[in-house]
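Commentary on secondary and tertiary structure
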Amino acid sequence: MLSEELTRYIEALIPDREPIVQEIEAYAKEHRVPIMDIIGIEAMLYILQIIQPKNIFEIGTAIGYSAIRMAMKLPNARIVTVERDQERYERALFYIERTKTCDQIDVLFGDALELYNEVEKHAPFDVMFIDAAKGQYERFFRLYEPLLADGGVVITDNVLFKGLVAANEIENKRWRQLAKKIREYNEWLMRRTDYDTVILPIGDGIAISRKRGETK
């Protein structure tokens, strides 16, 4: 994990985002909506530019920040994203309209664990991005991996969970349980022989898992 000093240094080097993107970031900060941190999303967008996916599935829309950033950076990509919170879902639709990314982004309302049949209509996916309930990461992965194309990539955010995955003692019971779940998920990812996985200490930790098989 980067020190606060290094984090501030790198953030200062990142060019200013579009005014509407900064507006979304400000809204998220004011209303305590968890969105991907600036360094983390810039790294992910760079990776996506290399992959050049045509079809992306995101679990955890929140207010649409990541989906919008992906759409703006990858104008030829289509993004299907799922959100179960009504207020955040409506705010995401608002920002997607504001950013004129409606033609690229389909937002599905509901619990991702219950929407497989709906999501399947948009498959296969070149990239799956998991950024929702941390305790459900493995369930999300297992449920939707059949919709991932050969050579497809799964990106999971928050896999270092504020560094708590390496902590010996955590006083907060909820955080202790989440850290345990994420540790188990990370270990499960690394054991899988049908994926090549790397964990990057960027932002809150990003896992990148590439499905083995015939590439397109």
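Counting restarts for each chain: residues are numbered from 1 in the order of the written sequence. This being a predicted model, a pLDDT of at least 70 is required before a residue's local features are given, and a value of 80 or more before pairs of side-chain atoms are given or counted; all residues contribute to the totals for chains, interfaces and linings. To get the side-chain values, take all heavy atoms of the structure and skip hydrogens and water.

1. Let's talk about the packing of aromatic side chains
Here is the rule we go by: Two rings belonging to Phe, Tyr or Trp (six-membered ring only in the last case) form a pair when the distance between their centres is within 6.5 Å. Interplanar angles under 30 degrees mark stacking, angles over 60 mark edge-to-face geometry, and anything in between is tilted. Starting at the N terminus, helices and strands are each numbered in turn, a helix being any DSSP run of H or I of at least four residues and a strand any DSSP run of E of at least two. Partly exposed describes any residue whose relative accessible area lies between the buried limit of under 20% and the exposed limit of over 50%, with all areas from a 1.4 Å probe on protein chains only and scaled to the type maximum.
This structure, assessed with the given rule, holds 11 aromatic pairs. Seen from their ring centres, Tyr89 and Phe109 are 5.0 Å apart, and the 45° between their planes marks the pair as tilted. Here Phe109 lies in strand S3 (residues 105–109) and Tyr89 lies in helix H5 (residues 86–98), a separation of 20 residues in the sequence. Since its relative accessible area comes to 18%, Tyr89 is described here as buried. Three or more aromatic residues joined by ring pairs form one cluster here, namely Tyr137, Phe141, Tyr185, Trp188 and Tyr195.

2. Examining the pairing of strand S2 (residues 78–83)
Defined as follows: In short, DSSP must find at least two bridges between two strands for them to pair. Every crossover in which the path from the first strand over the helix to the second runs clockwise, viewed with the strands pointing away from the viewer, is termed right-handed.
The element S2 is largely enclosed, with a buried count of five among its six residues. Where strand S1 (residues 55–59) lies against S2, five bridges are found, and the strand directions are parallel. Opposite Ile59, over in S2, you have Val82 as the bridge partner. In the classification by handedness, the crossover that spans S1, the intervening helix H4 (residues 65–73) and the parallel S2 is right-handed. Pairing between S2 and S3: five bridges, direction parallel. Residue pairing across strands places Val82 opposite Leu108, the latter belonging to S3. In this fold, S2 hands off to H5, which returns the chain to S3; that crossover is right-handed.

3. Digging into unusual backbone geometry
Cis geometry is adopted by the peptide bond preceding Pro124, which originates at Ala123 and carries an omega value of 0°. Following the sequence through the fold, Pro124 ends up in the loop between helix H6 (116–120) and strand S4 (125–130). Of note in the backbone geometry, Arg32 takes a positive phi value of approximately 55° without being a glycine. Residue position: Arg32 is located in the loop between helix H2 (19–30) and helix H3 (38–51). Judged by its relative accessible area of 75%, Arg32 is exposed. Although it is not a glycine, Asn158 adopts a positive phi angle of roughly 65°. Within the element layout of this structure, Asn158 appears in the loop between strand S5 (148–157) and helix H8 (173–191).

4. Overview of H2
Stated formally: By this rule, a helix spans an expected 1.5 Å times one less than how many residues it contains. Whether two residues are in contact is decided by their heavy atoms: any pair within 4.5 Å suffices.
Taking 1.5 Å per residue, 12 residues should reach 16 Å; H2 reaches 16 Å between its end C-alpha atoms and fits that length. For H2, the secondary structure elements touched by its buried residues are H3, H4 and H5. One or two steps after H2, the chain reaches Arg32, where phi turns positive at roughly 55°.

5. Things to note about the sheet that holds S3
What counts, and what does not: To obtain an axis, a line is fitted to C-alpha atoms, over the contacting stretch when the element is a helix, and the angle between two such axes runs from 0 to 180 degrees between their N-to-C directions.
What the seven strands build is an open sheet, ordered S3-S2-S1-S4-S5-S7-S6; its pairing is mixed. Two strands bound the open sheet, and with one partner strand each, they are S3 and strand S6 (195–200). With strand direction ignored, the average angle separating the axes of adjacent strands in the sheet is 15°. Bridge count for S1 against S4 is four bridges, and the pairing is parallel. Bridge pairing in S4 places Ile59 opposite Ile130.

6. Here's the deal with the pattern of salt bridges
Short version of the rule: Basic side-chain nitrogens of Lys or Arg form a salt bridge, by our definition, when they fall within 4 Å of a carboxyl oxygen of Asp or Glu.
Under the definition given, this model contains 12 salt bridges. One salt bridge connects Arg17 with Glu25, and the closest N-O pair in it is separated by 2.8 Å. By relative accessible area, Arg17 is classed as buried at 14%. Between Glu145 and Arg192 there is a salt bridge, and its shortest N-O distance comes to 3.0 Å. Taken together, the positions of Glu145 in the loop between helix H7 (137–144) and S5 and Arg192 in the loop between H8 and S6 put the pair 47 residues apart, joining distant regions of the chain. Of the residues examined, Glu145 reaches a relative accessible area of 14% and is grouped as buried. Classification of Arg192 by relative accessible area gives buried; the value is 16%. Several salt bridges share partner residues, and in doing so they unite Glu145, Arg192 and Asp194 into one network.

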